[in-house]
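# Examining the three-dimensional arrangement
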Amino acid sequence: MNFKLVHMAFIFCFINNAYANQPDIHITLLGESLEDGHSSTIRIHAGDDILYTGLSLSHIESSNVIQYDNRKTIHPIYFFVGLKAPTKLSPFLEAGIDLPEALIDDLLNNEEESESQADYYFSTGLVLAATDKLSFSVFAKKYHFIFRENIYAPTTKTRPHSYGVGVSFRF
């Protein structure tokens, strides 16, 4: 059985499950300060009071190389999953993977290569629901950028930390 197909089926079932009950849709704007740069993100997510999933588009700039071809600016599209408490002031945990990069790497890379080349992140913070439609967040995030300069070069890993704030609108 092909692990990639099972993995993709799981992700699509998970997304379908998250949107099946017609939960509220959230649009969030985030600003972050990286160790050697900055990031801005727009995202859409939905879920219940505890579990949520979504997609985000980020603009990440760094003074260090964070992607192949000596790139210091990237625009990843993250699929993320988060867990939070159903309270007005809620801690949260979140993880995301650059889904298009993961799919492209799986299609283009050798099947025998054991290490994934997709970027991912982990985040934790606090969300304050100011009203039913508006919430604010503060968070810390750790990115994992994994890339090769070329096919013969060793894998390069950078793991910048970031801190940021966000504002979320519920529809």
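Every value quoted in this text rests on a predicted model; they were computed, and no experiment measured them.

### A short note on the overall build of the chain
When you go through the chain residue by residue, the secondary structure sums to two helices and 10 strands. Walking the chain from its N terminus toward its C terminus, one meets helices and strands in the order α-β-β-β-β-β-β-α-β-β-β-β. Sorting the 171 residues of the chain into buried and exposed places 36% on the buried side. Residue pairs at least 24 apart in sequence account for 51% of intrachain contacts in the chain once pairs closer than 6 positions are excluded.

### A look at the packing of aromatic side chains
What the rule picks out here adds up to six aromatic pairs. An angle of 70° between the planes, with centres 6.3 Å apart, marks the rings of Tyr52 and Phe80 as edge-to-face. Taken as a pair, Tyr52 in strand E3 (residues 51-62) and Phe80 in strand E5 (residues 77-84) lie far apart in primary sequence, 28 residues in all. Considered together, Tyr52 and Phe80 belong to a single accessibility category, that of buried residues. Taking 5.3 Å as the distance between ring centres and 15° as the angle between the ring planes, the aromatic pair formed by Tyr143 and Phe145 counts as stacked. Side by side, Tyr143 and Phe145 carry an identical accessibility label, which is buried. A network of ring pairs unites the aromatic residues Tyr78, Tyr121, Tyr143 and Phe145 as a single cluster.

### Quick notes on the pattern of salt bridges
This model, assessed by the stated rule, comprises three salt bridges. When the shortest N-O distance is used, the salt bridge between Arg170 and Asp24 registers 3.2 Å. Linking Arg170 in strand E10 (residues 161-170) with Asp24 in the loop between helix H1 (3-20) and strand E1 (25-34), this pair joins segments that are 146 residues apart in sequence. What makes Arg170 partly exposed here is its relative accessible area of 30%. Here Asp24 falls in the partly exposed class, since its relative accessible area comes to 34%.

### A look at the nonpolar core
If you look at the biggest cluster of nonpolar residues, it comprises 13 residues, and the most contacted ones within it are Ile60, Ile66, Ile74, Tyr78, Tyr121, Tyr143 and Phe145. At the level of elements, E1, E3, E5 and strand E8 (134-148) are the ones that each hand at least two residues to this core. Looking at this core element by element, the count peaks at three residues for E8.

### Quick notes on the pairing of E5
With seven bridges joining them, E3 and E5 adopt antiparallel strand pairing. Bridge pairing links Tyr52 to Gly82 in E5. Relative to strand E6 (residues 89-98), E5 runs antiparallel, the two sharing seven bridges. Paired with Phe80 across the bridge in E6 is Gly96. Remark: four residues form the turn of the hairpin made by E5 and E6, two consecutive strands paired antiparallel.

### Notes on the environment of Glu32
Among the structural elements, Glu32 can be located in strand E1. Considering only alpha carbons, one finds Glu32 and Lys141, 109 residues apart in sequence, at a separation of 8.9 Å. Excluding residues within four positions of it along the chain, Glu32 makes contact with His38, Ser39, Thr41, Phe139, Lys141, Tyr143, Ser162, Tyr163 and Gly164. Polar contacts involving the side chain of Glu32 include one to the side chain of Lys141, which spans 3.1 Å.

Cut-offs used in this document
Residues numbered from 1 in each chain as written. Predicted model: local features only at pLDDT ≥ 70, side-chain atom pairs only at ≥ 80, totals over all residues. Heavy atoms only, no water. Helix = DSSP H or I, 4+ residues; strand = E, 2+ residues; numbered from the N terminus. Buried < 20%, exposed > 50% of the residue type's maximum accessible area, 1.4 Å probe, protein only. Contact = heavy atoms within 4.5 Å. Phe/Tyr/Trp six-rings, centres within 6.5 Å; stacked < 30°, edge-to-face > 60°. Salt bridge = Lys/Arg side-chain N within 4 Å of Asp/Glu carboxyl O. Core = buried A, V, L, I, M, F, W, Y, C linked by side-chain atoms within 4.5 Å. Pairing = 2+ DSSP bridges. Polar contact = N/O pair within 3.5 Å; in protein donor to acceptor, adjacent residues only side chain to side chain.

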